[in-house]
Amino acid sequence: MTQTPALRPDLSAVLAALNPQQREAVEHTDGPLLIFAGAGSGKTRVLTTRIAYLISQRKAWPERILAVTFTNKAAREMRERVGQLVGEDVAKDMWVGTFHHTCVRILRREAPRLGLERSFTIFDDDDTRASLRRVLDGLGLDQKRYPPSLIANAISNAKNELQGPEGIPNRNYFDEVVRRCYVEYEALLRRSGGLDFDDLILSVVKLLQEQEDARGYWQDRFRYVLVDEYQDTNRAQYVLVNLVAAEHRNLAVVGDDDQSIYGWRGADVRNILDFQKDYPDATVVRLEQNYRSSQAILDAAHQVIQHNPERAPKKLWTDRKGGEKVIAVQTYNEIEEAEFVADEIDRLRRAESRKYKEFAVLYRTNAQSRGFEDVFVRRRIPYRLVGGIKFWERREVKDLLAYLRILANPSDSVSFVRVVNVPRRKIGQVTVDRLIGFARDQQLGVMEMLDRAAEAGAPKPALGPIEHFAKQLKSLQASVGALRPSELVDLVIEVMQLRAFYEDGTPQGEARIENLAELHGYAEEFDPLDPKEGLDEFLAEVTLTSDVDTYDEKEEGVTLITLHMVKGLEFPVVFLVGLEEGLLPHQRSLEEEKGIDEERRLMYVGITRARDRLYLTCAFRRHIFGQAAAGMPSRFLGDIPQALISAPREGRAPAAPPPRHEYRQRFLERSVQAAPAPPPVQRFGDGDRVRHPNFGEGQVIKSTLTRTDEELVVKFDKAGLKILSGALAPLEKLA
DNA sequence: ACCAGGCTTCTTTTT
DNA sequence: GAAGCCTGGT
C-alpha cells in the first residue's frame, strides 16, 4: 500500500438504520457466519454494509476480500453500493464476481502452473454439444440414441461432483457410453486449449487441492470470504469456498433454503443446511423482516412454502398492514391469458398511474413468452424479454466470435469447424474430417494444420480454398497484438465479407448484420486494455454474461422473464402465469425425487417478487407442441386459502382452487360455469368432414364456441382424437 | 457441395 | 410450430 485509501468511516448513520438482526450480521467480523436471508429482507444491504464495515474497521484491505455472487449483475451492484459507502477507488480493488468469473481470474494468473495457455478458451454449452457430436462420431456412436445434450448433462453432473470419467457409475450401457465420451471429450478440450463452465471451478479446486504453494497463497490472500445464494452452490463450489476460506475461517454465507431452485444443475441445499455442522462455532443470523411485499402477498407465499418438508425454521413478517388480495384467474387459453394481463396492465396504468416497468410476467418455461409477445406487440405494450434466445447465442454472433477465438487461441478446432464454411468455401465434410484428424494426431494448431493440408490427405479440389482460407486467417492474425478488440471485430467482418454472407434481402438478414455491428460496441469496452489481453477478456466476458446481467431496471417496458432468472428482482405488480399441472409443477419434475418441492420453491420465488399486487393465472386450454391440450390448475393454487384470494373480476372465471385429491372433477364443474361468450364465427358443425395438413381427414365430433374461439374435437381417421382451435388450426371443410 | 422439402422430435429451468 | 436431421435431387 503506497497510500492510505480515503475512508469514509462515518458508517454510524447507515448502521443505525439497520434492524437488530441486520446489524448483528454486519458487525460480526471474525469467524464463520451463516445468514438466513428471507426474500426481501434487505440481504444486499447487509452484505454491502458488512463489507464496508470490514474495510472501515481496517479488518482487511479491499483486495483481500472476496465476495462471490450468483450473477454478474449482483456483483456489479455490490461493488457500486460498497463504493457509495467507502468510495469507488477503494471498492474497485475488491474481488467481487460470480463463481465462474472469479475462477477465470484466478486461472489467468495460475495458468502456467496448470499447464494451461493463458488464452484458454471457454466452451459454452453449444461448444460442448458440438464437441460431443464429434466425439460420438469418432466412437462410431449414434447421436439419436445418445443425444449430446444428455451426455453433456451427465458429464457436467460428474464434474460438479468433482468426479472424473472413472467416477461415472456403472449401471448400464448408457453409463458406459458416457464414460467413454467423457474421456474423449476431455482429450478434445485439452487439445483445443479449452475449458467448459464446470472446468473453470474444477480446475481451481484441483489447483488448491494439489498444489501447496497455490493453496497457501490464495488461502492467505483472502482474509474474508462472502458467498451469496449459498443454497444454490454445488459440490465443486462448496469445496472451493471452504478451501479458500480454510485459513482465516472468516467465511460468511448468505442464502435461503426456500429459494433453492437449481437442484437440477447440481446445487445442494444441504450446503447451507449443514453449515453449522461444518462450523460448529458459526454465528447464525436470521433475517425475517420483509421490506418488500404486502402482508397479503407474504401470507400467500407462506401458505405455499409451508408444505415443503425439511425447511430451516423461519417465518417472514412485515409491518406493512393489509394490502390488495391476491387475484387468481382462469382464462380460456394462453391468448386470453395474455389478453387478461394486457387488460390489467392498461387498467392499472390508468387507475394507479403505474409505469410499464412496474409490471412483470413470470413463467416457468421460455416458450410461454410467445403468447405475451404476440399480444403485447398487437396492443402496443412495450416489453423486454429476459432470457430465451440470447444475443451471444445467435448464429452470426457465434460465427464472428468463433473467428476471434481462433485468433486468440489457434488450437481451438471447434471454432474452426464452426466457421470453415462461413462464408461458403467449398471445403467439404471429408476434407474437414481429414484435417481435424491430422491436426489431432500431429498436435497441430489451426494454422499449421491448414499449411499442411496436402500432407493431411485433403482432397485435391479443396487445396485451393484451404490455401485461401489460411491466407485470410494469417492476415488477421498479424493484427492480433496490434488492433484493439473492436477494431478486430471490424477487420474480421471485412476480411471474411460477413455482411455479404448474411445479407439475403430478408429482415432476418438485416437483423444479423445489425447484431454484428452491435458486437463492435460490446468489444469497445475492452479497447482500453492491452490488445491481446483485451481480446481474451472480451471472449471470456461474452461467454460468462447471462441475460439478466444486462437487465436495466430503469428501462421502460413490461418484463417477461422465467422464474429462475427472476430471483433477486422485484416488481410492484407481478403476474405469475401458466399455473397449470404439467407446467408448474412441470411434467418433468414429477419424475424426479424431490422434484415437486423444488417446483414449489419456484412458485414461492415468483410470489415473493411482488411488492403490491399479485396475479395468479392459468389457462383452460394451452397449445403445447403446436397442439391444444387441456390444463388443470396447478396444485399450488390450492395451497393458498380462499380467504386470501380476491373474488373474480367481472366476466372472468376464477382459477379452480385445485382440490387436494379429486381435482379433475371439480375442475370440470368450474369450467362449465366458466362458459365464455360466443366468438364471431362458428365454421363447423358436429359431424362435418374436415381435412388437416398434418392429421389428414377426420370428422368433427363436437364444436364448442368460446369467448374468442371455436373449440373443435375432431376424430381423425389416422391420427385419432384431437382438440383443435378453430381460429388457429388450418382446417379445411370437405363437402 | 448444396439445396429444398419432408420427417422427427421436442422443451424445463442456466452459469 | 420450430429446429434439426435426413433424403434425394441438382
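Cut-offs and rules
- Residues numbered from 1 in each chain as written.
- Chains lettered and ligands numbered in written order.
- Predicted model: local features only at pLDDT ≥ 70, side-chain atom pairs only at ≥ 80, totals over all residues.
- Heavy atoms only, no water.
- Helix = DSSP H or I, 4+ residues; strand = E, 2+ residues; numbered from the N terminus.
- Rg over C-alpha atoms; globule rule 2.2 N^0.38 Å.
- Buried < 20%, exposed > 50% of the residue type's maximum accessible area, 1.4 Å probe, protein only.
- Contact = heavy atoms within 4.5 Å.
- Areas by Shrake-Rupley, 256 points an atom, 1.4 Å probe, with all protein chains shown as cover.
- Lys, Arg positive; Asp, Glu negative; His and termini not counted.
- Charge placed at Lys NZ, Arg CZ, Asp CG, Glu CD.
- Pairing = 2+ DSSP bridges.
- Expected span 1.5 Å × (residues − 1).
- Axes fitted to C-alpha atoms, helices over the stretch in contact; angles between N-to-C directions.
- Near = heavy atom within 4 Å.
- Polar contact = N/O pair within 3.5 Å; in protein donor to acceptor, adjacent residues only side chain to side chain.
- Nonpolar A, V, L, I, M, F, W, Y, C, P; charged D, E, K, R; others polar.
- Salt bridge = Lys/Arg side-chain N within 4 Å of Asp/Glu carboxyl O.

**Student:** Please explain the overall build of chain A as it appears in this structure.
**Tutor:** Within chain A, the regular secondary structure consists of 28 helices and 22 strands. The C-alpha atoms of chain A give a radius of gyration of 28 Å, which matches the 27 Å a tight globule of 735 residues would have. Along the first, second and third principal axes, the C-alpha set of chain A runs to 75 × 70 × 50 Å. Looking at chain A as a whole, 55% of its 735 residues qualify as buried. Partitioning the contacts of chain A with sequence separation of at least 6, the portion at a separation of at least 24 is 73%. Per element, the accessible surface of chain A, about 32,700 Å² overall, is 48% carbon and sulfur. Across chain A, the mean location of the 104 positive side-chain charges is 2 Å away from that of the 112 negative side-chain charges.

**Student:** I tried to follow the pairing of strand S1 (residues 33-37) on my own but got confused; where do I start?
**Tutor:** S1 sits mainly inside the fold: five of its five residues count as buried. Across the two faces of S1 the burial is the same, with Leu33, Ile35 and Ala37 and Leu34 and Phe36 all buried. Here S1 runs beside strand S8 (residues 283-287); their pairing, made up of five bridges, is parallel. Paired with Leu33 across the bridge in S8 is Thr283.

**Student:** What am I meant to see in helix H20 (residues 429-442) here?
**Tutor:** Residue pairs three or four apart in sequence face the same way in an α-helix, which turns once every 3.6 residues. Under the 1.5 Å per step criterion, the end-to-end length of H20 is 20 Å for 14 residues, consistent within 8% with the ideal 20 Å. Following H20 by one or two positions, Gln443 has its phi on the positive side, about 55°.

**Student:** Could you clarify how one ought to interpret helix H26 (residues 531-544) in this entry?
**Tutor:** Between the first and last C-alpha of H26 there are 20 Å, a value that for 14 residues agrees with the 20 Å anticipated at 1.5 Å per step. When you tally the buried positions in H26, you get 10 out of 14 residues, the bulk of the element. For H26, every residue scored as buried is listed here: Pro531, Gly534, Leu535, Asp536, Phe538, Leu539, Ala540, Val542, Thr543 and Leu544.

**Student:** Teacher, can you tell me more about the sheet that holds strand S14 (residues 610-619) here?
**Tutor:** Neighbouring strands of a sheet are bound in pairs by backbone hydrogen bonds; such pairs are parallel or else antiparallel. Strand order in this open sheet of seven strands is S11-S12-S10-S13-S14-S9-S17, and the pairing throughout is parallel. Both outer strands of the open sheet, strand S11 (383-385) and strand S17 (645-646), are each paired with one neighbouring strand and no more. With five bridges joining them, strand S9 (residues 326-331) and S14 adopt parallel strand pairing. If you follow Thr331 over to S14, its bridge partner there is Ala619.

**Student:** Looking at this model, I keep getting lost on the sheet that holds S1. Mind explaining?
**Tutor:** Across the sheet, which stays open at both edges, the six strands sit in the order S3-S2-S6-S7-S1-S8 with parallel pairing between neighbours. The strands lining the two open edges of the sheet, one partner per strand, are strand S3 (95-98) and S8. Averaged over all adjacent pairs, the angle separating strand axes in this sheet is 15°, with direction ignored. Inspection of the sheet shows S1 paired to strand S7 (residues 251-255) by four bridges, in the parallel sense. Within S7, the residue paired with Ile35 across the bridge is Val254. Along the sheet, helix H4 (residues 72-86) contacts strand S2 (65-69) and S3; its crossing angle with S3, the most-contacted strand, is approximately 160°.

**Student:** Just to check I follow, could you spell out the protein's contact with DNA strand B for this structure?
**Tutor:** Around DNA strand B, the surrounding shell holds 21 residues, and the nearest of these are Arg364, Asn366, Gly428, Ser546 and Arg588. Of all DNA strand B atoms lying within 4 Å of any protein atom, the proportion belonging to sugar or phosphate reaches 51%. One of the side-chain N or O atoms of Asp125 is found 3.1 Å from a base oxygen in DNA strand B. The contact in question runs from a base oxygen of DNA strand B to an N or O atom on the side chain of His564, over 3.3 Å. Its residues assigned to classes, the surface near DNA strand B comprises six nonpolar, nine polar and six charged.

**Student:** Would you explain the pattern of salt bridges in this entry?
**Tutor:** Side-chain pairs of opposite charge can arise whenever the charged atoms involved come near each other. Evaluated as defined, the whole model comprises 58 salt bridges. The partner of Arg613 in a salt bridge is Glu352, with the nearest N and O atoms 2.5 Å apart. Linking Arg613 in strand S14 with Glu352 in the loop between helix H16 (334-351) and strand S10 (359-363), this pair joins segments that are 261 residues apart in sequence. What makes Arg613 buried here is its relative accessible area of 9%.

**Student:** What is the right way to read unusual backbone geometry from this model?
**Tutor:** The bulk of non-glycine residues show a negative phi, and the bulk of peptide bonds are trans. Along the chain, Val422 connects to Pro423 via a cis peptide bond; the corresponding omega equals 0°. Its place among the elements puts Pro423 in the loop between helix H19 (413-419) and H20. For the bond running from Leu584 to Pro585, omega is 5°, close enough to zero to count as cis. Checked against the element boundaries, Pro585 lands in the loop between strand S13 (571-576) and helix H27 (595-607). If you check the backbone angles, Ser353 has positive phi at about 40° while not being a glycine. Examined against the element boundaries, Ser353 turns out to sit in the loop between H16 and S10. Of note in this structure, Arg380 is not a glycine but carries a positive phi near 55°. Inspection of the secondary structure puts Arg380 in the loop between helix H17 (369-378) and S11.

These results come straight from atomic positions and should not be treated as a statement about function.
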